[in-house]
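Breakdown of the fold
Each chain, letter by letter, is given below.
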Amino acid sequence: MNILDNIRVVLVEPIFGGNIGSVCRAINNNGISDLAIVNPRPTIDWEDARRLTCNAKAQLEARKEFQTLEEAVADCTVVAGTSARTGFYRDTAYSPREFAPIALESAADRKIALVFGREDKGLFNEELALCTHIIQIPSSGLYTSLNLAQAVMVCCYEMFVAADVFEPAEEKAEEASSELRERMFALWREMMIKTEFTHGQKLDHMMMGLRRIFTRGKLTVPDAKILMGLAKQSLWVKQQWDKAERKNND
Ligand code: SAH
């Protein structure tokens, strides 16, 4: 089982269909699929919701609806209310990053909930009272209130990162051996001499510079081959020029 399957995102009386759609997209980006809506308003524009889901229509279709927050979180251990405001124990709030490991510890074997409030009025105190934790997303202080779907994105992203399920693409190309690297440097050295880029003492200095540049990262076999190709082509072009010049002088 994937630990992220135990995270439920709960929206309390959201107003805008567009935000609901964007929430579906955000949770989908972060591998979360359990969405609950408390007391959905009859005025919600579901067409707008669908439009903004993009590839997350399944999350929207699979949403569960509840009359009250109590019912929506009944089977959850940790229940985290999110709030932009201070007051009502909000000064003991966790940031999403601080909260993520706490949430995941419980999500290992039980459901947990992340609860988000109305776009205009947030969560009421009696709703926050049902919560075991309060999360506040740090912001500039000039304006602390985030858009609902963006608040969902920040919180779910922190859960996703903490769950450590992301596998970054790995460099598949083989790393260049010393032998290949030295063949490449020899070609560049020859190119620098023949194209009269530099000579004498400066040449050794340049070669040290080149060695530093090309070994700063991980030089792969294809990288070395590109650099060798470039040097060979420059040598060839120089040879053609010299030939043409000799002909002109004859
Ligand atoms: N005017 C409302 C803001 C609601 S924004 C208020 O003052 O509460 C809609 C929802 O997004 C909030 O209820 C909360 O769930 C979430 N949210 C917005 N900004 C947030 C922040 N800085 N930290 C945590 N949650 C936030």
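Another point: the domain arrangement of the chain. For the chain, the domain assignment lists domain 1 (3-163) and domain 2 (178-249). For domain 1 versus domain 2, the distance between C-alpha centres works out to 58 Å.

In the vicinity of the ligand, 18 residues are found, and the nearest of them are Thr82, Gly117, Ile137, Thr144 and Leu146. Thr82 is positioned with one of its side-chain polar atoms (N or O) 2.6 Å from an oxygen atom of the ligand. A distance of 2.8 Å is found between a nitrogen atom of the ligand and a backbone nitrogen or oxygen belonging to Ile137. In the complex, 92% of the free accessible area of the ligand, which totals 540 Å², lies under the protein chains. Of the residues assigned to the shell around the ligand, the class counts are seven nonpolar, seven polar and four charged.

Spatial strand order, E3-E2-E1-E5-E4-E6: six strands in an open sheet with parallel pairing. Looking at which strands have only one partner, the edges of the open sheet turn out to be strand E3 (64-66) and strand E6 (133-135). Across this sheet, the average inter-strand angle for adjacent strands is 25°, counted without regard to direction. Judged from the five bridges that link them, strand E1 (residues 7-12) and strand E2 (residues 34-38) form a sheet pairing that is parallel. Looking at E2, one finds that Val9 is bridged to Leu35.

Rules used throughout
Residues numbered from 1 in each chain as written. Predicted model: local features only at pLDDT ≥ 70, side-chain atom pairs only at ≥ 80, totals over all residues. Heavy atoms only, no water. Domains from an automatic or database assignment. Near = heavy atom within 4 Å. Polar contact = N/O pair within 3.5 Å; in protein donor to acceptor, adjacent residues only side chain to side chain. Areas by Shrake-Rupley, 256 points an atom, 1.4 Å probe, with all protein chains shown as cover. Nonpolar A, V, L, I, M, F, W, Y, C, P; charged D, E, K, R; others polar. Pairing = 2+ DSSP bridges. Helix = DSSP H or I, 4+ residues; strand = E, 2+ residues; numbered from the N terminus. Axes fitted to C-alpha atoms, helices over the stretch in contact; angles between N-to-C directions.

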